[in-house]
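Observations on the three-dimensional arrangement
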Amino acid sequence: MSAPAPSLFTEAAIKTAEGLGLTKGRANLEVFADTLLTLATSDKNVLAVTSDSRGSGKLVPFGQALPEQIVEVGIAEQNLVGIAAGLSSVGKNVFAVSPACFLAARALEQIKNDVAYSDNPVTLVGISAGVSYGALGTTHHSLHDFAALRAINNLRIIAPADNFEAREAVLAAANLQEPVYLRFGKAALYNLPATDRFHVDKVRVLRQGKDATFIANGETVIHALLAAALLEQRGITCNVISAPSIKPLDGETVLSLAADSKAVITVEEHMVNGGLGEACAALIAQAAINPKFKIMGIPDEYTVTGSQADIFRHYGISMEGLSETMLGLLEP
Amino acid sequence: MLSDQQLARKSLEYRRDTLRWIKHSGAGHTGGSLSCTDILNVLYNRILRVSPQSFSSPTRDRYIQSKGHSVESLFVVLADQGFYQQEELASLCRYESHFVGHPTKKIPGVEQNTGALGHGLPISAGIAIGGKLDNADFRVFTLLGDGELAEGSNWEAAMAAAHYKLDNLTAIVDCNTLQITGHTANVMNNEPLAEKFQAFGWAVRSIDGHDIRELTAALSTPLETGKPSAIIARTVKGKGVSFMENVGKWHHGVPSDEEYAQALSELNSALKALPETC
Ligand SMILES: [Mg+2]
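Every value quoted in this text rests on a predicted model; they were computed, and no experiment measured them.

A few words on the overall build of chain A. Along its length, chain A carries 13 helices and 14 strands. A compact globule built from 332 residues would reach a C-alpha radius of gyration of about 20 Å, and chain A, at 19 Å, matches this within 12%. Viewed in the frame of its principal axes, chain A has a C-alpha envelope of about 60 × 45 × 40 Å. A burial count over chain A gives 60% of its 332 residues as buried. Taking as baseline every contact in chain A between residues at least 6 positions apart, the subset at least 24 positions apart corresponds to 78%. Counting only carbon and sulfur atoms, one obtains 52% of the accessible surface of chain A, whose full area is about 12,600 Å². Averaging the coordinates of the 25 positive side-chain charges in chain A and doing the same for the 34 negative ones gives two points 2 Å apart.

Bringing the pattern of salt bridges into the picture now. This structure, assessed with the given rule, holds 29 salt bridges over all chains. In this structure, Lys132 of chain B engages Asp167 of chain B in a salt bridge whose closest nitrogen and oxygen atoms are separated by 2.5 Å. Of this pair, Lys132 of chain B sits in helix H5 (residues 120–133) while Asp167 of chain B sits in the loop between helix H6 (153–163) and strand S3 (169–175), and the two are 35 residues apart along the sequence. Each of the salt bridges in this network shares a partner with another, and the network as a whole consists of Arg26, Glu30 and Asp34 of chain A.

Contact with chain A, which involves 23 residues of that partner, is made by 22 residues of chain B. Each partner contributes to the roughly 1,900 Å² buried at the junction of chain A and chain B, and carbon and sulfur atoms together form 51% of this total. Across the contact surface, chain A and chain B share one salt bridge. A salt bridge links Asp134 of chain B to Lys92 of chain A, with the nearest nitrogen and oxygen atoms 2.5 Å apart. The interface formed by chain A and chain B holds 10 residue pairs in polar contact (both at pLDDT 80 or more) in total. Listing elements by their share of the side of chain A that touches chain B, those giving two or more residues are strand S3 (70–72), helix H4 (77–89) and helix H6 (108–117) of chain A. Of all the elements, H4 of chain A adds the most residues to the side of chain A that touches chain B, at eight residues. Its residues placed into classes, the side of chain A that touches chain B shows seven nonpolar, nine polar and seven charged.

It is worth spelling out the sheet that holds strand S2 (residues 46–50) of chain A at this point. All names here are of chain A. Taken in spatial order, the seven strands of this open sheet run S3-S2-S4-S5-S7-S6-S12, and their pairing is mixed. Each end of this open sheet is capped by a strand with a single partner; those strands are S3 and strand S12 (245–247). Strand-to-strand twist in this sheet, taken as the mean axis angle between neighbours without regard to direction, amounts to 20°. Sheet topology note: the strand S6 (residues 156–158)/strand S7 (residues 180–183) ladder contains three bridges and is parallel. Paired with Arg156 across the strands is Val180, a residue of S7. Against the sheet, H4 makes contact with S2, S3, strand S4 (93–99) and strand S5 (123–127), and its axis sits at roughly 170° relative to S4, the strand it touches most.

Tallied over the full model, the rule gives four cavities of 30 Å³ or more. There is about 80 Å³ of room inside the largest cavity. As for the largest cavity, its lining consists of 13 residues, of which Arg183, Gly185, Gly218, Glu219 and Glu269 of chain A are closest to the centre. Along the lines of polarity and charge, the residues of the lining of the largest cavity split into four nonpolar, six polar and three charged. Lining the lining of the largest cavity are residues from two domains, each supplying at least three of them: domain 1 (11–24 + 195–330) and domain 2 (25–189) of chain A. Size it by volume and the second largest cavity reaches roughly 60 Å³. Around the second largest cavity sit Tyr44, Tyr63, Ile64, Gln65, Leu74, Leu78, Pro103, Gly109, Val110, Glu111, Gln112 and Thr114 of chain B, which together line it.

Right, let's talk about the domain arrangement of chain A for a bit. Residue and element names in this part refer to chain A. Per the domain assignment, the segments of chain A are domain 1 (11–24 + 195–330) and domain 2 (25–189). The gap between the C-alpha centroids of domain 1 and domain 2 is 25 Å. Each partner contributes residues to the interface: domain 1 has 37 residues there, and domain 2 has 37 residues. Here domain 1 meets domain 2 over a buried area of about 2,700 Å², counting both sides, of which 58% is carbon and sulfur. Ranking the residues of domain 1 by area buried against domain 2 places Phe198, Glu219 and Lys247 at the top, with a combined share of 25%. Remark: the boundary between domain 1 and domain 2 carries three salt bridges. Here Arg204 ties to Asp162 by a salt bridge, and the two come within 3.5 Å at their closest N and O atoms. Where domain 1 packs against domain 2, one counts 21 residue pairs in polar contact (both at pLDDT 80 or more). Going through the elements one at a time, S12, strand S13 (263–271), helix H11 (276–286) and helix H12 (308–314) are the ones with two or more residues in the side of domain 1 that touches domain 2. Ranked by the residues each element gives to the side of domain 1 that touches domain 2, the list is headed by S13, at four residues. Of the residues in the side of domain 1 that touches domain 2, the class split is 13 nonpolar, 15 polar and nine charged.

Before going further, it helps to spend a moment on the coordination of the magnesium ion. All names here are of chain B. Protein coordination of the magnesium ion is provided by Asp146 (OD), Asn176 (OD1) and Leu178 (O), with donor distances spanning 2.1 to 2.2 Å. Linear spacing of the donor residues for the magnesium ion on their chain is D-x29-N-x1-L. Taken together, the residues Asp146 in the loop between strand S2 (140–145) and H6 and Leu178 in strand S4 (residues 178–179) connect sequence positions 32 residues apart. We note that Asp146, like Leu178, is buried.

What counts as what
- Residues numbered from 1 in each chain as written.
- Chains lettered and ligands numbered in written order.
- Predicted model: local features only at pLDDT ≥ 70, side-chain atom pairs only at ≥ 80, totals over all residues.
- Heavy atoms only, no water.
- Helix = DSSP H or I, 4+ residues; strand = E, 2+ residues; numbered from the N terminus.
- Rg over C-alpha atoms; globule rule 2.2 N^0.38 Å.
- Buried < 20%, exposed > 50% of the residue type's maximum accessible area, 1.4 Å probe, protein only.
- Contact = heavy atoms within 4.5 Å.
- Areas by Shrake-Rupley, 256 points an atom, 1.4 Å probe, with all protein chains shown as cover.
- Lys, Arg positive; Asp, Glu negative; His and termini not counted.
- Charge placed at Lys NZ, Arg CZ, Asp CG, Glu CD.
- Salt bridge = Lys/Arg side-chain N within 4 Å of Asp/Glu carboxyl O.
- Buried area = accessible area lost by both parts, 1.4 Å probe.
- Polar contact = N/O pair within 3.5 Å; in protein donor to acceptor, adjacent residues only side chain to side chain.
- Nonpolar A, V, L, I, M, F, W, Y, C, P; charged D, E, K, R; others polar.
- Pairing = 2+ DSSP bridges.
- Axes fitted to C-alpha atoms, helices over the stretch in contact; angles between N-to-C directions.
- 1 Å grid on protein atoms, 1.4 Å probe; cavity = no way out; pocket = protein on both sides within 12 Å on 5 of 7 lines; lining within 4 Å.
- Points joined across faces, edges and corners; volume = space filled by probe spheres on them.
- Domains from an automatic or database assignment.
- Donors = N, O, S within 2.8 Å, 3.2 Å for Na, K, Ca; no water.

Set out below in structure tokens:
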């Protein structure tokens, strides 16, 4: 028995989202599974490889519809990635699906050598990423995957923020002949404001402002967007950037918006070390622009026990927390 | 097809060339390259349907060298197969060379980048599953070291290969009984090895890994329908050079000028002793 998960959003945040006209979507993980099933139905070279993870990957319908196109390896993540690389090398379009905490840690050497270095264009799908597993604790959190994978050559890293980005990222990964890491959480998400068509190398500018910039990815983007809306009521306008691709990072757009900002806050469901925030910091420092700058994420400590919502709120990843942090940063 | 005698000659030439390039580059995994020479010889000259012309064909046989450190003998054999000129090995391990000290796909004839141990069998299992899905008739071979078998990922793949009845997969263990620290039996005993593979659901045969006929017989066809094949090839580390045989320091020892001259003289004598006909 588990306690009912508290909402990720306060009443005020839900009102703000409604004010922006945002609609409720599904979990990205479900969108991933649906999109993959559609792709695989029309192309028998598309395979899902799972490590006893078809349930958590929402791939039970896939396995029922296309039993020949799902390869089960059992609870063996190193073998998952090695087998995926081998399948890819003989022309299969492989999606290797496993909880991000195991995929990007236990199988890290297989990702580095068998996928990236050997240039086998596997799509690695890290599911239930970040703190999606909530109170199951540190063994099941992946707060290191951006950092670990950013240090590997020839690997794209994409963390979609809503159902649109999730679907487009899956399609892009299927079409790219390159190693890709896709990172999905399992919370039901708001649909973010529509933008121009998705480009895998580009950030999406969801909102524009003159004072400050939020740069976020994955399931934290909505909180940055709501914070920007709240700040506007106080006369402060912010850019809000969704950066699904942390590597390569769209430096051109990030820098052009950061250059005109008095303050920049990055937000990610990842440890503050080595993730989106440090990637942006490196860009900004090397471009010799100098906004006030803050990395919001999970600090380098044992993560507080709780649901994803509890953990986000505890570390200030909420409309309220992020708007307050921005106000503090903008104080003269 | 080349005769057994001709292959015997090639093995000696491969060993001579392997030592030549290790000496030239000043680095290399000498003992393990010499222990797997006959295995590579039989694979490339008798078993594998692979050539420079067919290397991009999806139906080619695959060879994945999991014990990637024994790369010098592989590079010599690939040169002999016509994938490149052997003289290109003059750049082995030199600044900006494509010839890294482990196999990489930048070298014609190399399937996958290997060298970290415990990776070749999972990749090979994936290739074999792909072959089964496509009803392709290619075979997949991987070469493992005996010390390498302490890596747990091998046993994950061993389980999966039996589960998926990968009779298109053959794992050859270059069982030279030594690894960098010393005797495998003392470092981390993996015996009884044949029984282990059997227990995992593999068909197993133990052979003399330097015997051309035994190698040919063991590798020509899968051992058993519905099971992956494990060939336990009993070998001698440093094989063919008296002072290197079964001596641990030659794991990655590079011969001095005197040692190199003696090694060449032993291999050349053995070549001279072969019948003229081959
Ligand atoms: Mg050995």
